[in-house]
Amino acid sequence: MARLTRAQQQERTRAEVLVAARQEFAEYGYADAKVDRIADRAELTRGAVYSNFTGKRALYLAVLADAAEETLRRAEPPLESPGSAGAALGAFARVWLERLPFAGDTPGSGHLQLRSLTGVLDAGPAGAALAELVRLEALLLALSLEPRTGLRARPVRLAELTLTLLHGAAALAESAPGTGDPFALARAAEHLAALGPVEDAPPPHLPFVAPARPVREEWAAPRGLRDEVTGRQAALDEDGVVVVLGVARLSAAEEALRSARPHDAVTLVVVTSDPAELGQLARLRITDLVGCLRRVFAPAELPRLRIVLDDTGTVAEAVGGLPAADRTEAAIRVRDGLIVARADGRGAGHAAADHSPDEADARPDNQSPPPLGTPRGTAPR
């Protein structure tokens, strides 16, 4: 038998630790789980565990993220998407609520099924990142809903309201398993669409954002990247906008998407200074939400926003030597294989998306941006 390479051995050790950690968390829950017991379960030393994970929180987030990816791989896409916003919200809620624990579940196993973060995150950087991730989740749901609303108003706040309902039901079920009727909750989510759009003013800082800087530079786009929304390769050399955002600034993705032109490829690159924990948190929340969307909406009608998780900082470095920091905010506009505009700081995505390098590329003043849910490569009617 051929000897394993160092990388293969490390990957095997990591997998063994994750299996043991999942068993430990299912039996004891997050608070009472012990790294020493996880090492014993995996028949490894404590040092071997810490050589692969920074601590118990990183382990727990990795276990949840792996579970979310496993669910995503099993997701069967529908032949057709729901025909109305109400039907879509109801279908989304039914899929999302499958995670609710049953009355007979142990607390630990119930928390794992819920992807529960209760008692795991603090109010510091992790809490700030979670708040931004929730807003990104709402944006992704809104992107799928918008073509079904019959309105040009933003459904982002409606999506946020739906997610608030679902997370509230999960919090109650976590402390009292068996409470909450999933079918009644799904009907409630369906009726939320009847509320219509919730008014939402544009961010007040946008009028003060400096324009993007015109440049003309070769764009060596990194290869082999995955779009987390579709699971396909993300080609960053297509005409459009690449926005690099730290996990504490993800809500700025909406600004870039709103300012983009109808045929722009808009790519959100997520970076963090803490890939072991905040990177896993981002992977968990995005994978979990996308897994639900893929079971409700046909592949061609998934959100047009592409998402790349850049744990290694490869894209951030290629864009311009950017730091992989939690508050990083920078963007480039790509055209014909060249970087034609750069922007950084607050509102960078909006500035790069709004940039018009020449008259032929400019959008007429009387032409509004396409609906958020316009499928990739499709011009609005």
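The residue numbering used here restarts from 1 in each chain and proceeds along that chain's sequence as written. Reporting of local features is limited, given that this is a predicted model, to residues whose pLDDT is at least 70; pairs of side-chain atoms are given and counted only at 80 or more, and all residues count toward the totals for whole chains, interfaces and linings. To obtain the side-chain values, all non-hydrogen atoms of the structure were used and water was disregarded.

*Asks:* Is there a simple way to explain unusual backbone geometry in this structure?
*Replies:* Residues apart from glycine generally show negative phi values, whereas peptide bonds are mostly found in trans. Unlike most non-glycine residues, R115 shows phi in positive territory, near 60 degrees. The helix count covers DSSP runs of H or I at least four residues long, the strand count covers runs of E at least two residues long, and both are numbered beginning at the N terminus. Considering the arrangement of structural elements, one finds R115 in the loop between α6 (107-114) and α7 (125-145). Positive phi is not limited to glycine here, since D336 has a value of about 55 degrees. Secondary-structure assignment places D336 in the loop between β5 (329-335) and β6 (338-344).

*Asks:* Help me understand the pattern of salt bridges in this model?
*Replies:* Two side chains of opposite charge can pair, provided their charged atoms sit close to one another. The term salt bridge refers to a pairing of a side-chain nitrogen on Lys or Arg with a carboxyl oxygen on Asp or Glu at a separation within 4 Å. Going through the model one piece at a time under the given rule, you end up with 27 salt bridges. Note that R283 and E69 form a salt bridge whose closest N and O atoms lie 3.0 Å from each other. Of this pair, R283 sits in helix α11 (residues 275-296) while E69 sits in helix α4 (residues 56-74), and the two are 214 residues apart along the sequence. Comparing R283 with E69, the two get one shared label, buried. Between R223 and D237 there is a salt bridge; the shortest N-O distance is 3.1 Å. Pair noted here: R223 is in the loop between β1 (213-218) and β2 (240-246) and D237 is in the loop between β1 and β2, with a separation of 14 residues, a long-range link. For the exposure calls, accessible area comes from a 1.4 Å probe over protein chains only, and a residue counts as buried if that area is under 20% of its type's maximum, exposed if over 50%, partly exposed in between. Residue D237 is classed as partly exposed on the basis of its relative accessible area of 28%.

*Asks:* In this structure, what is going on with the environment of L163? I would like to understand it.
*Replies:* Residue position: L163 is located in helix α8 (residues 156-175). Classification of L163 as buried rests on a relative accessible area of 2%. Excluding residues within four positions of it along the chain, L163 makes contact with F92, V134, E137, A138, L141 and L289. Contacts are assigned to residue pairs with any non-hydrogen atoms lying within 4.5 Å of each other.

*Asks:* What exactly am I supposed to notice about the nonpolar core here?
*Replies:* In globular proteins that are soluble, nonpolar side chains generally tend to be buried together. Counting residues in hydrophobic clusters, the biggest one holds 97 residues, and the most contacted among them are F25, F92 and L305. With 12 residues, α7 is the single largest residue contributor to this core. Beyond its immediate stretch of four places on either side in the chain, F25 contacts Y30, A33, I38, K56, L59, Y60, V63, G108 and L112. Only buried residues count toward a nonpolar core. Its members are Ala, Val, Leu, Ile, Met, Phe, Trp, Tyr and Cys residues joined through side-chain atoms within 4.5 Å. Ranked by size, the runner-up nonpolar core spans 18 residues in total, among them A221, L225, V271 and I339.

As far as function goes, none of this settles anything; it's purely spatial.
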